[in-house]
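Coordinate analysis (summary)
Spelled out from the first residue to the last, the chains are:
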Amino acid sequence: MSTRTTFAVWAPEAERVDLVRVAPDRQDFSSADEVSPLVPDPARGSGWWSSTEGAHDGDLYGFSVDGSPARPDPRSMRQPFGVHGPSQVFDAAAHVWTDQSWAGQQVGGSVVYELHLGTFTPEGTLDAAISRLGHLAELGVDLVELMPVAAFDGAHGWGYDGVHLFAVHEPYGGPAALQRFVDASHAAGMGVVLDVVYNHLGPSGNYTATFGPYFTDDHSTPWGAGLHLDGDGSHEVRRWVIDNALRWFRDFHLDGLRLDAVHALVDDSERHLLAELSDETAALAQALGRPLGLIAESDENDPATVAPTGGAGAAGADGADGTGSGAVATRPKGMTAQWADDVHHAIHALLTGERHGYYVDFGSPEVLRTTLTEVFLHAGTFSTFRGETWGHKVPGDVDGHSFVVFSTDHDQVGNRALGDRPGRPAHPGTGEVDLDLLAASAAIVLTSAYTPMLFMGEEWGATTPWQFFTDFTDPELGRLVTEGRTREFSGHDWSGIYGDDVSVPDPQDRATFDGSKIRWDETTAPGHSALLEWHRVLIALRRSEPDLASGDRSQIEVTWAGTAAEDGTPAVLALRHGSVLTVLNLSDEEQEHALDGTGAGDGVGASSAGPEVLAGWKEPVLTAGSLRLAAGAVAVVRV
């Protein structure tokens, strides 16, 4: 039985709405094969229109408002011929699920792995990605985070220009392929998180204005008018967002959503959209009997993002109360977790020496200590990059697992001029990948008190860049994107990183996309295979060492000694998480680090037999009372 039995659409200002059926052999609305009027349907709500005709799996259709050209359904379940073509009914109930024993996966404390489907495999599809799930399971991944799959214009892109939020991008395999992927992930012991974008729609294929006031000039975002989330007529727009989110959980068995740039969801309602979504997600989690997580990307550095709503979602959407009573603030959002970019900036600036742009306030070991213990550097303090006081302090009782941290992600790589990854030479062929830098950054992230995330290929030190790419079918729009990208980066001083000869890759050039595909043959290459094993060992320690599994930030201590560079980079950095001490040699020379005064016997997993090396990069040597580390070496020690 189809999960959709009738055709319906919200068009509150229309005087007439027609259902336009399209024959199976057509791929566009060039001619109407069958037109029939819809009737007002007050039972669904004000402004809704519906048809008495049945909707069946595979039916192609669109809607015409007041005699205007037919357009796709704003709640289209499938766009088989692209974002401008007819919608297609999809029977989400047809998939025979095999994950009945899947109990779900909490977000907090999980190891998250972010991937982009188009560049994760040579084929760039969901079915091809299934063939790599074994690699992720062996690595120790708990949650696979897919970058956006909502249908967008063209064959390839990052996915943040989606225009059909309910449809799965057809080149990835469409909605049925997403169900197969989630089913297979659960069979492999991993949950799936989907990146969703509710703050804007892309510039090509957005026909929502034809149907109703989905956007409003009362609020603005970096992409234009804001989503109509408050005031008169906003109820159905809010439902459009919330219904979309719940559908991924219900019909696709997803375990979590990552919500893009929630600071751009401007909502002056008494109850913020995110709080409403949190409570409804919590109710659905209870009904389904498994945890459902909501991860927010926010630029606001505000613990209110993860503060309980006080309603049905007061324990967090996935049922884990990790926020602490001290985090309750004005208009709490109730998210399960949020990204903490300040931690990334602190790690990246310290290990690379970069201080341009938003890294200007980062780079010192003092800043790293602040972010590893207090989450945000800018917490009611002045941000040089923003030119104003920014952020709010995170109360001490807020669990570290409420914050997702990383040393690299799609933004931090793709928004560099050349899309170069950390440790990778800016210009191919000019040097080797700095595997020591990558081993150090992995150790900092994976032994922290936060929820760690990896970006695809990071685990073996991928040499391929990950660049900004698009495939807009409108040549004029494509030209504007290309020129805009060049203009955007011409205002940045990249000479200190790349030298004076910087040519920004053309997003519309197919080669930019193809060059961003990761190379799986590198996983067995010398050095890269060792880095892959290093990641496996560190992830395994998060499960075997009780203190590393804790999100208690009060257990974190950061100390340093010596100087490795003129910018103040320390020679030795020591990070303690309860009974586990991680020591990094950031210098070009062998270093000795005394273990005296490390507090042997403290912490849940402390050893009474004395210090023990749990993991080592470049063979650190434990002697009586000290560690000897070669240049670039890392040691993880139980003390």
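Here's a quick rundown of the structure. (Residues numbered from 1 in each chain as written. Predicted model: local features only at pLDDT ≥ 70, side-chain atom pairs only at ≥ 80, totals over all residues. Heavy atoms only, no water.)

1. Some words on the pattern of salt bridges
Tallied over the entire structure, the rule returns 35 salt bridges. The partner of Arg 16 in a salt bridge is Asp 18, and the shortest N-O contact between them spans 2.8 Å. We classify Arg 16 as partly exposed; its relative accessible area is 44%. The salt bridge involving Asp 255 is made with Arg 290; its shortest N-O contact spans 3.7 Å. Highlighted residues: Asp 255 in the loop between helix H6 (235-252) and strand E15 (256-259) and Arg 290 in the loop between helix H7 (273-288) and strand E16 (293-296), separated in sequence by 35 residues. Take Asp 255 and Arg 290: they sit in the same class, and that class is buried. Each of Arg 75, Arg 238, Arg 239, Asp 243, Asp 267, Glu 276 and Glu 280 takes part in salt bridges that share partners, so that together they form one network. (Salt bridge = Lys/Arg side-chain N within 4 Å of Asp/Glu carboxyl O. Buried < 20%, exposed > 50% of the residue type's maximum accessible area, 1.4 Å probe, protein only. Helix = DSSP H or I, 4+ residues; strand = E, 2+ residues; numbered from the N terminus.)

2. Points about a nonpolar patch on the surface
Together, Tyr 358, Val 360 and Phe 385 give the surface a local cluster of nonpolar side chains, amounting to about 270 Å² of exposed area. Residue placement: Val 360 occurs in the loop between helix H8 (341-352) and helix H9 (365-374). On the basis of relative accessibility, which here comes to 37%, the residue Val 360 falls in the partly exposed class. (Patch = residues over 30% accessible without salt bridge, like charges linked within 9 Å, V, L, I, M, F, W, Y side chains within 5 Å. Areas by Shrake-Rupley, 256 points an atom, 1.4 Å probe, with all protein chains shown as cover.)

3. Quick notes on the packing of H8 against helix H11 (residues 435-446)
Between H8 and H11, the least distance of the axes is 11 Å, while the angle of their chain directions is 150 degrees. As judged from the angle between their axes, H8 and H11 are roughly antiparallel. As H8 packs across H11, the resulting crossing turns out to be right-handed. Contacts between H8 and H11 involve Ile 347, Leu 351 and Thr 352 from the first element and Leu 437, Ala 440, Ser 441, Ile 444 and Val 445 from the second. (Axes fitted to C-alpha atoms, helices over the stretch in contact; angles between N-to-C directions. Parallel < 35°, antiparallel > 145°, perpendicular 65-115°, else oblique. Left-handed = near helix turned anticlockwise from the far one by under 90°. Contact = heavy atoms within 4.5 Å.)

4. Quick notes on the environment of Asp 500
Along the chain, the position of Asp 500 falls in the loop between helix H13 (495-498) and helix H14 (510-514). The exposed category is assigned to Asp 500, whose relative accessible area is 76%. Sequence separation of Asp 500 and Val 20 is 480 residues, and the distance between their C-alpha atoms is 56 Å.

5. Quick notes on the packing of aromatic side chains
Considering all chains together, one arrives at 21 aromatic pairs under this definition. Ring centres of Trp 248 and Phe 252 lie 5.0 Å apart, and the angle between their planes is 50 degrees; on these two criteria the pair is classed as tilted. Within this pair, Trp 248 and its partner Phe 252 are both found in helix H6, separated by four residues, close to a single helical turn. Each member of the pair Trp 248 and Phe 252 is classed as buried. (Phe/Tyr/Trp six-rings, centres within 6.5 Å; stacked < 30°, edge-to-face > 60°.)

6. Description of unusual backbone geometry
You will see that His 253, though not glycine, has its phi angle at about 60 degrees, which is positive. Positionally, His 253 belongs in the loop between H6 and E15. Even without being a glycine, Val 375 presents a positive backbone phi close to 80 degrees. Inspection of the secondary structure assignment puts Val 375 in the loop between H9 and strand E18 (381-383). Here Val 375 falls in the buried class, since its relative accessible area comes to 0%.

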